[in-house]
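# Structural features, examined
So the chains spell out like this:
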Amino acid sequence: EYSISACEDEAVTLFSGNVYDCNLAAGGAETVAVTVTPDAGASLTAAVAVSFTDVQDGFLYFEAVGTGFTPGAYSVAYTYGGVTVEQELTVVQDAPQAAVVEIPGNLTFTVPACETQLDATFQVRVSDDCDDPIAAPAITIDGTPVDVIADLGNGLFEVSTVITAANDGDFLVASYTDGDGLTTTVDGVLTVNDQPDTFQPIIVYPSQNINVTLDPCGPSMAEVVFQASAYDNCSDV
């Protein structure tokens, strides 16, 4: 039995075998006749041809190629030196298969401290038995469509979106409908870690006491000037 995929119209089949004959000598030109007869409902667009023989002392190895086998049953006859051996060949066509959609195995994201969101980029892969080329899958997060920004070829697509702490626990869903109308949908749950700001501001001011001597005959107040600065990891101060 030989199987072809749902999107193949016909099969190419390789036949091989050995003939044992004590009269064979290495390097000889002997060959085997291979005849294929389609049964009812089957067809063959080209005759089977012997493509390779290797004659050694006492045996002969052969290969034959048949093209254009449609689904159905065939009778195959091998003839050598007046002796014929027959076998049955069945070609079956597989049913269409739904596509395989792969999303990242790790859906954990961390929003950096001091930030409210994360620009996330990841990849989704689609493979199908018949579709060529493969179109971009439909991707959503919590029901909101996500942009596919690049087709990397061979069914691999790059996706970009903005992740916030509010997306923690949301479903990432990827769906693809192939040319036969079969739909595959996969999903995963996002885990979003939001890093808190634990860095306290630093204030730098004069480390020594500020002493001002007033003129006993002058004003009772004086203007004092000194420098102080503040530093924070999240604020622009």
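Residues numbered from 1 in each chain as written. Predicted model: local features only at pLDDT ≥ 70, side-chain atom pairs only at ≥ 80, totals over all residues. Heavy atoms only, no water.

## Comments concerning the sheet that holds strand β7 (residues 83-93)
What the four strands build is an open sheet, ordered β1-β7-β6-β3; its pairing is mixed. Every other strand in the sheet has two partners, leaving β1 (2-4) and β3 (33-38) as the edge strands with one partner each. This sheet shows a mean twist of 25 degrees between the axes of neighbouring strands, independent of strand direction. As judged from the three bridges shared by β1 and β7, these two strands associate in the parallel manner. Paired with isoleucine 4 across the bridge in β7 is glutamine 93. (Pairing = 2+ DSSP bridges. Helix = DSSP H or I, 4+ residues; strand = E, 2+ residues; numbered from the N terminus. Axes fitted to C-alpha atoms, helices over the stretch in contact; angles between N-to-C directions.)

## Here's the deal with the nonpolar core
In terms of nonpolar packing, the biggest core is built from 22 residues, with Phe109, Val124, Ile139, Ile163, Leu172 and Leu190 touching the most fellow members. Secondary structure elements with two or more residues in this core: β9 (108-111), β10 (117-127), β11 (138-141), β14 (156-164) and β15 (171-177). The element contributing the most residues to this core is β10, with five residues. Leave out the neighbours within four places in its chain, and phenylalanine 109 touches Leu118, Ala120, Phe122, Ile163, Leu190, Thr191, Val192 and Asn193. Core analysis: the second largest hydrophobic core is formed by 21 residues, Ile4, Val48, Leu60 and Tyr74 among them. (Core = buried A, V, L, I, M, F, W, Y, C linked by side-chain atoms within 4.5 Å. Buried < 20%, exposed > 50% of the residue type's maximum accessible area, 1.4 Å probe, protein only. Contact = heavy atoms within 4.5 Å.)

## Here's the deal with unusual backbone geometry
A cis amide bond links aspartate 132 with the next residue in sequence, proline 133, at an omega value of 5 degrees. For proline 133, the location among the structural elements is in the loop between β10 and β11. Positive phi is not limited to glycine here, since cysteine 114 has a value of about 75 degrees. Its location among the elements puts cysteine 114 in the loop between β9 and β10. What makes cysteine 114 partly exposed here is its relative accessible area of 37%.

## Things to note about the pairing of β15
Here β15 shows a buried face lined by Leu172, Ala174 and Tyr176 and an unburied face lined by Phe171, Val173, Ser175 and Thr177. Pairing analysis gives four bridges linking β11 to β15, with the strands arranged antiparallel. From the neighbouring strand, threonine 140 faces β15, where its bridge partner is valine 173. Direction of pairing for β15 relative to strand β16 (residues 183-189): antiparallel, over a ladder of seven bridges. The residue bridging valine 173 from the neighbouring strand is aspartate 187, located in β16.

## Looking at the packing of aromatic side chains
Tallied over the full model, the rule gives five aromatic pairs. Ring centres 6.4 Å apart and planes at 40 degrees place the aromatic pair tyrosine 20 and phenylalanine 59 in the tilted group. Of this pair, tyrosine 20 sits in strand β2 (residues 11-20) while phenylalanine 59 sits in strand β5 (residues 59-69), and the two are 39 residues apart along the sequence. Tyrosine 20 gets classed as exposed once you look at its relative accessible area, which sits at 65%. By relative accessible area, phenylalanine 59 is classed as partly exposed at 30%. Here a set of aromatic residues connected by ring pairs shows up, and it is made of Phe15, Phe69 and Tyr74. (Phe/Tyr/Trp six-rings, centres within 6.5 Å; stacked < 30°, edge-to-face > 60°.)

Honestly, that's just the spatial picture; any functional story needs more than this.
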